[in-house]
Amino acid sequence: MGTGDFICISMTGGAPWGFRLQGGKEQKQPLQVAKIRNQSKASGSGLCEGDEVVSINGNPCADLTYPEVIKLMESITDSLQMLIKRRVGAPFLFSEDQSHPPFLHLLGYTSLLIVTLVNQLMD
């Protein structure tokens, strides 16, 4: 696991969310955001192509296959929260009409400290 920033992305209102995923345990690849549709919930949330998905609504994704992730995504009816890992130096992208990202919340200091320490141990 390399270095990066951990960010919580939240979206509401139900599917379609406006992004496509790739990877999964069976492909021996981390689950990543492959594509974001313009003017979608995902594009307005701050989610970026290339973001690694760590968890979806509190469910860790590291040991999930792609079909398991799709099943999990299909079970979400209204609110989606994703913990993502963004590589160091990757930009934060938001819609042009937003002065600040409304759904982007950094983790609490305690959680961030734990994630940072685990990340350092894994390097």
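Residues numbered from 1 in each chain as written. Predicted model: local features only at pLDDT ≥ 70, side-chain atom pairs only at ≥ 80, totals over all residues. Heavy atoms only, no water.

(A) Quick look at the overall build of the protein chain. Tallying secondary structure elements over the protein chain gives three helices and seven strands in all. Reading the protein chain from its N end, one meets helices and strands in the order β-β-β-α-β-β-α-β-β-α. Partitioning the intrachain contacts of the protein chain with sequence separation of at least 6 by distance along the chain shows that 67% fall at a separation of at least 24. Carbon together with sulfur atoms contributes 55% to the accessible area of the protein chain, which is approximately 7700 Å² in total. (Helix = DSSP H or I, 4+ residues; strand = E, 2+ residues; numbered from the N terminus. Contact = heavy atoms within 4.5 Å. Areas by Shrake-Rupley, 256 points an atom, 1.4 Å probe, with all protein chains shown as cover.)

(B) Structural detail: helix H2 (residues 66-74). All of the buried residues along H2 are Val69, Leu72 and Met73. What you see down the axis of H2 is that its buried residues fit within an arc of 100°, all on one side. Away from its buried face by more than 90 degrees, H2 exposes Pro67, Lys71 and Glu74. Looking at the buried side of H2, the elements it contacts are strand E2 (19-24), strand E3 (29-36), strand E4 (52-56), strand E5 (59-60) and strand E6 (79-87). (Buried < 20%, exposed > 50% of the residue type's maximum accessible area, 1.4 Å probe, protein only. Arc of directions from axis to C-beta.)

(C) Broad picture of the packing of aromatic side chains. Tallied over the entire structure, the rule returns zero aromatic pairs. Over the face of the ring belonging to Trp17 we find Lys41, whose NZ or CZ atom lies 5.3 Å from the ring centre. (Phe/Tyr/Trp six-rings, centres within 6.5 Å; stacked < 30°, edge-to-face > 60°. Lys NZ or Arg CZ within 6 Å of the ring centre and 35° of its normal.)

(D) Region of the structure containing the nonpolar core. Judged by nonpolar contacts, the single largest core of 22 residues is most densely connected at Met11, Phe19, Leu47, Ile56, Leu80 and Met82. Looking at this core, the elements that each hand over two or more residues are strand E1 (4-12), E2, E3, E4, H2 and E6. Excluding anything up to four places from it in sequence, Ile56 contacts Leu31, Cys61, Val69, Leu72, Met73, Ile76, Leu80, Gln81 and Met82. (Core = buried A, V, L, I, M, F, W, Y, C linked by side-chain atoms within 4.5 Å.)

(E) Representation of the pairing of E3 within the structure. Judged from the five bridges that link them, E2 and E3 form a sheet pairing that is antiparallel. What sits directly across from Arg20, in E3, is Lys35. Linking two consecutive strands that pair antiparallel, namely E2 and E3, is a turn of four residues; a positive phi of about 55° is found at Lys28 within it. (Pairing = 2+ DSSP bridges.)

(F) Region of interest: the confidence of the model for the protein chain. Averaged over every residue, the pLDDT of the protein chain is 80; the share at 70 or more is 70%. Counting interchain partners and residues more than four positions distant, the pLDDT-below-50 stretch residues 93-114 has 29 contacts. (pLDDT = per-residue confidence, 0-100.)

(G) Seen up close, the pattern of salt bridges. Summed over the entire model, instances satisfying the criterion amount to one salt bridge. One salt bridge in this structure joins Arg86 and Asp51, with 2.7 Å as the shortest N-O distance. Pair noted here: Arg86 is in strand E6 and Asp51 is in the loop between helix H1 (41-45) and E4, with a separation of 35 residues, a long-range link. On the basis of relative accessibility, which here comes to 2%, the residue Arg86 falls in the buried class. (Salt bridge = Lys/Arg side-chain N within 4 Å of Asp/Glu carboxyl O.)

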